[in-house]
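# Examination of the molecular architecture
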Amino acid sequence: MFSEKLYRSSITANAADFVKIIDAATDSMERQRQYTNIPGGSITPGFAELKIPQNVVIIGDIHGDINSLFHILKNIDFERFLANSRNKLIFMGDYVDRGSQSIAVLYTICYLKQKYPHSVILMRGNHEAASEFPFSSHDLPFKFVERYGEKGKQIYNNKILPFFRLLILSTLIQSQVLIVHGGLPTRYIGGMKDIKNSIAMADKNIHNGWMEEILWNDPRQHIQNHQEWETSRRGIGRHFGINISKSWLRLTKTKMIIRGHEPCRGYKIDHDGMIVTIFSCKEAYPNFEAAYLSITASQWKSISNGRDLAHYILKVM
């Protein structure tokens, strides 16, 4: 089976093979930024806007867990699924660190992006922004040196970091859902035009706070002193309260927020059904579970909040 061949290739890829695949994925993402339109939507710097796909699968944090990733790919019959450009496979970031096969996971998502460019949306997690927001558990540079020697350092600096900067920060499925890796910015927003402009500028001006909050924020039911947000216990980002979620749903005309970033029992619901967290990694978090979302266009019609959506979240066994 081809999935088994891809699995072996991801594990055993030499430096030249890896560079070939990531170059192809990078070229694909650069072209999409240039030409904007894709089947069923559009891509601008940092932002993807989609009409309701025929079928959509959303995957949360993977963290080097190649086995959970391939479990999901096999379950959705990824070759058939991705051959239809009206279907979308959306990754919410955090492909690397913590688990044992970060390089294999990167190889796999890059293969999928260059092979099925219009069907695959690759988003950015906080672990893909370690150069902007350093943290101690980012072991990916050492993994590249361990596997490829001095060549690995060059690949990380000259290939991986530019690739990370092309990843999407936010995806909107019109009238349904806003997707981010971490959470919602707590700063003032005036509407969709402001949102798109601020996201587009985030890579150029990390000090405006948008990238940090999108990648690092977490929802909390109760914020101290009845405020709308508080400083995150992570040391980066913020905790945001329910009023922030209400504001974003109103401005984006969506029903809920889907995000990753937090280990859980595969998924969890916050803010009275407005926030759905999906986590897709088991290897590095054995006390938690992994899951993914799989839903059709017609099934969206019965969805009004995250509790309804939970019926279409599948556990990775």
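A short tour of the structure in this document, coming up. (Residues numbered from 1 in each chain as written. Predicted model: local features only at pLDDT ≥ 70, side-chain atom pairs only at ≥ 80, totals over all residues. Heavy atoms only, no water.)

## Thoughts on the side chain of Asn-126
Among the secondary structure elements, Asn-126 is positioned in the loop between strand 6 (120-122) and helix 6 (140-148). By relative accessible area, which is 3% here, Asn-126 ends up buried. Side-chain polar atoms of Asn-126 contact the side chain of His-261, separated by 3.2 Å. Setting aside residues up to four positions removed in sequence, Asn-126 forms contacts with Asp-94, Phe-135, His-181, Leu-215, Trp-216 and His-261. (Helix = DSSP H or I, 4+ residues; strand = E, 2+ residues; numbered from the N terminus. Buried < 20%, exposed > 50% of the residue type's maximum accessible area, 1.4 Å probe, protein only. Polar contact = N/O pair within 3.5 Å; in protein donor to acceptor, adjacent residues only side chain to side chain. Contact = heavy atoms within 4.5 Å.)

## Side note on the pattern of salt bridges
Per the counting criterion, the structure on display carries 16 salt bridges. Two residues, Lys-196 and Glu-49, come together in a salt bridge whose shortest N-O distance is 2.8 Å. Of this pair, Lys-196 sits in helix 8 (residues 192-202) while Glu-49 sits in strand 3 (residues 47-50); the two residues are 147 residues apart in sequence, bridging distant segments of the chain. Lys-196 sits in the partly exposed class, given a relative accessible area of 31%. The partner of Arg-187 in a salt bridge is Glu-213, with the nearest N and O atoms 1.9 Å apart. In this pair, Arg-187 sits in the loop between strand 8 (177-180) and helix 8 while Glu-213 sits in helix 9 (residues 210-216), placing the two residues 26 residues apart along the sequence. (Salt bridge = Lys/Arg side-chain N within 4 Å of Asp/Glu carboxyl O.)

## Examining helix 8
Of the residues making up helix 8, those classed as buried are Ile-195, Ser-198, Ile-199 and Ala-202. Buried residues of helix 8 fall within an arc of 100° about the axis and therefore sit on the same side. Against the buried residues of helix 8 lie strand 3, strand 7 (170-173), helix 9 and helix 10 (242-252). (Arc of directions from axis to C-beta.)

## Focus: the side chain of Gln-176
Mapped onto the elements, Gln-176 comes out in the loop between strand 7 and strand 8. Taking relative accessible area as the criterion, Gln-176 reaches 6% and is therefore assigned buried. In this structure Gln-176 touches Ile-52, Lys-253, Thr-254, Lys-255, Met-256 and Trp-300, once residues within four positions along its chain are discounted.

## Observations concerning the nonpolar core
If you look at the biggest cluster of nonpolar residues, it comprises 51 residues, and the most contacted ones within it are Phe-91, Leu-106 and Phe-163. No other element matches helix 5 (residues 102-115), which puts 9 residues into this core. (Core = buried A, V, L, I, M, F, W, Y, C linked by side-chain atoms within 4.5 Å.)

## Looking at the sheet that holds strand 11 (residues 238-240)
The strand order across the open sheet built from 3 strands is 9-11-10, with neighbouring strands paired in mixed fashion. Strands with a single pairing partner mark the edges of an open sheet, and in this sheet they are strand 9 (218-219) and strand 10 (229-231). Relative to strand 11, strand 9 runs parallel, the two sharing 2 bridges. Residue pairing across strands places Pro-219 opposite Phe-240, the latter belonging to strand 11. (Pairing = 2+ DSSP bridges.)

## Side note on the packing of aromatic side chains
How two aromatic rings sit relative to each other is set out by the distance from centre to centre and by the angle between their planes. Considering all chains together, one arrives at 10 aromatic pairs under this definition. On the basis of an interplanar angle of 70° and a centroid distance of 5.3 Å, the ring pair of Phe-18 and Phe-144 is categorised as edge-to-face. You can see Phe-18 sitting in helix 2 (residues 15-35) and its partner Phe-144 sitting in helix 6, a full 126 residues away along the chain. For Phe-144, a relative accessible area of 0% puts it in the buried group. Centroid distance Phe-144 to Tyr-148: 6.2 Å. Interplanar angle 40°. Geometry classified as tilted. Here Phe-144 pairs with Tyr-148, and both are found in helix 6, just 4 residues apart, close to one helical turn. You can call Tyr-148 buried: its relative accessible area is 13%. One aromatic cluster in this structure is built from Phe-18, Phe-144 and Tyr-148. (Phe/Tyr/Trp six-rings, centres within 6.5 Å; stacked < 30°, edge-to-face > 60°.)

## Observations regarding the sheet that holds strand 1 (residues 37-38)
On the basis of which strands lie adjacent, the open sheet formed by 8 strands has the order 1-2-3-7-8-12-14-13 and mixed pairing. Where the open sheet ends on each side, the last strands, each with one partner, are strand 1 and strand 13 (267-270). One ladder, built from 2 bridges, connects strand 1 with strand 2 (residues 41-44); its direction is antiparallel. For Ile-38, the partnering residue across the bridge sits in strand 2 and is Gly-41.

## Some words on helix 7 (residues 150-165)
For helix 7, built from 16 residues, the straight-helix expectation of 22 Å at 1.5 Å per residue is met to within 8% by its first-to-last C-alpha distance of 23 Å. Along its length, helix 7 reaches its greatest deviation from straightness, about 35°, at Tyr-156. Of the positions making up helix 7, those classed as buried are Gly-152, Ile-155, Tyr-156, Ile-160, Leu-161, Phe-163 and Phe-164. The inward-facing, buried residues of helix 7 contact helix 2, helix 5, strand 6 and helix 6. (Expected span 1.5 Å × (residues − 1). Bend = angle between axes of the 7 residues up to and from the residue.)

Geometric descriptors of this kind do not, in isolation, establish any biological role.
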